[in-house]
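Chain by chain, the residues:
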Amino acid sequence: MTVRATAPSSTTAPIVATAPVGGVSATPAAGTRSYRRRRLRNVVRAWQLYVLLTPALLYFVVFKFWPMYGVQIAFRNFNPVDGFLDSPWVGAAHFERFFNSFQFQDLVENTALLAITNLVVAFPVPIILALLVNQLTSMRFKQFTQTVLYAPTFISTVIVVGMAFVLLSPRSGLINHLLVLTGSDPIFFMAEPEWFRPVYVGTTVWQESGFNMVVYLAALAGIDPNLHEAAKIDGASALQRIRHIDLPGIMPVVSILFILAVGNLLNVGFEKALLLQTPLNVSESQIIQTYVYQTGLQEAQFSYSAAIGLFNSVLNLALLLTFNWVARRFKQNAVI
Amino acid sequence: MTSTVASPAPDGTTGQRRPFANRVPDRAFNVLSVVTLSIAALAILYPLYFIVIASVSDPGAVVGGRVWLLPQGFTLDGYERILGDAAIWRGFANSVLYTTVATAISVSLTLAGGYVLSRRDLPGRRTITFFLVITLFFDGGIIPRYLVVQDLGMLNTMWAVVLPGAVAIWNLIIARSFFEMTLPDELREAAQLDGAGDFRFFFTMAVPLAKSLIILLTMIYTVWNWNAFFEALIYLNDPDKYPLQLVLRNILIQSDIASTGNLTGDLESYAETQRIGELIKYGMIVFSTLPLLAAVPFLQKRFQKGALLGAVKN
């Protein structure tokens, strides 16, 4: 009450008006210095936001960027006492050793063959499934197939591989019983190297198609139904509508998922390769990543295995950037 | 209506020339797609069903290939052994513990991080996002990460299982998109005018309004953590700390490698252990998968929403 009484009535209004706006309105007059000061003030004002973000950032720094920094042990002879930074520098020695080792060619071949087979076979399946499900007229059957095909998403890789081992068992497995019924000999799926890739890709299709199918269905749901209605009136058949409406409609999503799949080509499914690996199929199932696991964690050759891992990561990045570039050239959605 | 179709369907002319010709191929196509999808559904369902009936059948009938549609010689021996096994229950308890702790940490970090990154007025937002996205494309690798975990003194502790995969960048993107779409700037500005700081706004407005996001993230991380095995494999060496998935791997996969390798050995002495072993394997798959699969119809809708939210960003 007293404050209001002492202040001249004519000035109260402008003071109230300028108080909150003052900081902003002062800037145009001053140059970059005050811009910088204003920016700093914005940063300070947002301190609570930074506090909220800190735990997540800390996670990325510790478990993502620190290992990236530590990847330099690929160029050093790592020993635990000296750590990442002080272990003796050896340059490209580990890479040379790897490139000249007798496993090199096999590893690269196995990795490339597995990755490419997996991509070529498993990538189109969810697209086809989504296009078929999308055309279904019965809502109940649509819901049923979606739920069933999606279910394996929730089954762990360990279980899927465990199921493969049980069902493909030469003596007691379901598949071999079927084979025997049809008059052929049982197949030792897990012991014969040439069966490693088919089993790997087959389990991928079984386990992962449903998830990507749902992503494509979401994209299909975004297509204007009027297009289909109009095309029907013009006499377009179901296949024609898929070809000219649905496919172009989901192409951006296809392109993004394809680039991401390529970018992960050499990483994805390493856990499954490890699980499917048996002493008998190792000649085909040993890929770069499982070899890193074996030399690094089982034989404790940290620097050598880190070098092999780095080789894999760089190859991966190169693939990703190449396909991203290709996607841009063809005017499809690129990831970066 | 007709004007919109002209551009996306350049083949419209061929269709117009034979307006009734599409009827028959359409029906054929419909039948074909129903058949294809039925086969696909069967390919998912039958192996699962077979495992369930095999887990309660006489092992002899399973090995002899006499189990196809119904259990033969009903027995619960397998489940009795599974439920009476200390290692399996310990693995189960460990999995519950790790999954609960990991999910609580992951959801909190993702929620707070996603909210902050959704704020367009955050100074440095682009730079921070850029650095986070880098991790999508380049990875230090298993070995450097192992050494970091070792340096932190986490080897053979729960934290080595719980922390290294705490935040998935896709989930962060999902959370960010959710807040960007559901929290209008005006709401925050109004709260600010009323004197609420960012903490207060986040905890009293953003979090309560993000219930569906929290449920979604909890489900994603729960399934993920429950199914994870690789961290446990490389960071834990004390079998008492193994989660269920690692116990499963040792029973389901490792033992079968041994039997595959030993097929030339003396079958007689293995016969009984093999019989029971098979039963236990089928039972273990059911025991560890059924809880999640039973929840599928409930989980599915939310997961699909998540797939949508993730796609919206792109």
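What this report covers is the structure whose coordinates are included nearby.

## Describing the interface of chain B and chain A
Stage number 1. Counting residues at the interface gives 112 residues for chain B and 111 residues for chain A.
Stage number 2. Carbon and sulfur atoms make up 78% of the surface buried where chain B meets chain A, a total of about 9900 Å² over both sides.
Stage number 3. The salt bridge partner of D26 of chain B is R241 of chain A, with a shortest N-O separation of 3.9 Å.
Stage number 4. Remark: the boundary between chain B and chain A carries 10 residue pairs in polar contact (both at pLDDT 80 or more).
Stage number 5. Looking at which element gives the most residues to the side of chain B that touches chain A, the answer is helix α3 (residues 23–54) of chain B, with 18 residues.

## What to know about a nonpolar patch on the surface
All names here are of chain A.
Stage number 1. A cluster of nonpolar side chains, I116, V120 and V121, forms an exposed patch at the surface whose accessible area comes to about 260 Å².
Stage number 2. With respect to the element layout, V121 can be found in helix α7 (residues 103–122).
Stage number 3. Note on V121: relative accessible area 39%, which makes it partly exposed.

## Digging into a positive patch on the surface
Stage number 1. Among the surface-exposed residues, R33, R37, R41 and R45 of chain A lie close enough to one another that they form a single positively charged patch.
Stage number 2. Along the chain, R41 of chain A turns up in helix α3 (residues 32–45).

## Section: the packing of helix α9 (residues 139–150) of chain A against helix α12 (residues 196–221) of chain A
Residues and elements named next belong to chain A.
Stage number 1. At a minimum axis separation of 8 Å, α9 and α12 run at an interaxial angle of 135°. With respect to each other, α9 and α12 are oriented oblique. The way α9 lies across α12 gives a crossing that is left-handed. Mapping the contact onto sequence places Q146, L149 and Y150 in α9 and G210, F211, M213, V214 and L217 in α12.

## Quick look at helix α6 (residues 93–100) of chain A
Residue and element names in this part refer to chain A.
Stage number 1. Where α6 is concerned, the buried positions are H94, F95 and F98. Looking straight down α6, one finds its buried side chains confined to an arc of 100°; they lie on one side.
Stage number 2. Against α7, α17 (288–298) and α18 (302–329) lie the buried residues of α6.

## Some thoughts on the nonpolar core
Stage number 1. By size, the foremost hydrophobic cluster in this structure holds 181 residues, and its most contacted members are Y115, F179, L213 and F230 of chain B.
Stage number 2. For this core, the element with the highest residue contribution is α12 of chain A, accounting for 12 residues.

## Remarks on unusual backbone geometry
Stage number 1. In the Ramachandran plot, A300 of chain A falls in the positive-phi region, its phi being about 55° despite a non-glycine side chain.
Stage number 2. Within the secondary structure, A300 of chain A sits in the loop between α17 and α18.
Stage number 3. You will see that N156 of chain B, though not glycine, has its phi angle at about 60°, which is positive.
Stage number 4. When you line up the elements, N156 of chain B lands in the loop between α8 (142–151) and α9 (158–162).

## Considerations on the packing of helix α6 (residues 86–118) of chain B against helix α12 (residues 198–209) of chain B
Residue and element names in this part refer to chain B.
Stage number 1. Direction vectors running N to C along α6 and α12 enclose 105°, while the axes themselves pass 12 Å from each other. The angle between the axes of α6 and α12 places the two elements in the roughly perpendicular class. Between α6 and α12, the contacting residues are L111, A112 and Y115 on the first element and F201, F202, A206 and V207 on the second.
Stage number 2. Of the residues belonging to the contact of α6 with α12, the class tally is seven nonpolar, no polar and no charged.

## Side note on α12 of chain B
Stage number 1. All buried positions along α12 of chain B are accounted for by D198, F201, F202 and A206 of chain B. One side of α12 of chain B holds all its buried residues, which, seen down the axis, span an arc of 95°.
Stage number 2. As for α12 of chain B, its buried residues are in contact with α3 and α4 (47–70) of chain A together with α6, α10 (169–182) and α11 (185–193) of chain B.

What counts, and where the lines are drawn
Residues numbered from 1 in each chain as written. Chains lettered and ligands numbered in written order. Predicted model: local features only at pLDDT ≥ 70, side-chain atom pairs only at ≥ 80, totals over all residues. Heavy atoms only, no water. Contact = heavy atoms within 4.5 Å. Buried area = accessible area lost by both parts, 1.4 Å probe. Salt bridge = Lys/Arg side-chain N within 4 Å of Asp/Glu carboxyl O. Polar contact = N/O pair within 3.5 Å; in protein donor to acceptor, adjacent residues only side chain to side chain. Helix = DSSP H or I, 4+ residues; strand = E, 2+ residues; numbered from the N terminus. Patch = residues over 30% accessible without salt bridge, like charges linked within 9 Å, V, L, I, M, F, W, Y side chains within 5 Å. Areas by Shrake-Rupley, 256 points an atom, 1.4 Å probe, with all protein chains shown as cover. Buried < 20%, exposed > 50% of the residue type's maximum accessible area, 1.4 Å probe, protein only. Lys, Arg positive; Asp, Glu negative; His and termini not counted. Charge placed at Lys NZ, Arg CZ, Asp CG, Glu CD. Axes fitted to C-alpha atoms, helices over the stretch in contact; angles between N-to-C directions. Parallel < 35°, antiparallel > 145°, perpendicular 65-115°, else oblique. Left-handed = near helix turned anticlockwise from the far one by under 90°. Arc of directions from axis to C-beta. Core = buried A, V, L, I, M, F, W, Y, C linked by side-chain atoms within 4.5 Å. Nonpolar A, V, L, I, M, F, W, Y, C, P; charged D, E, K, R; others polar.

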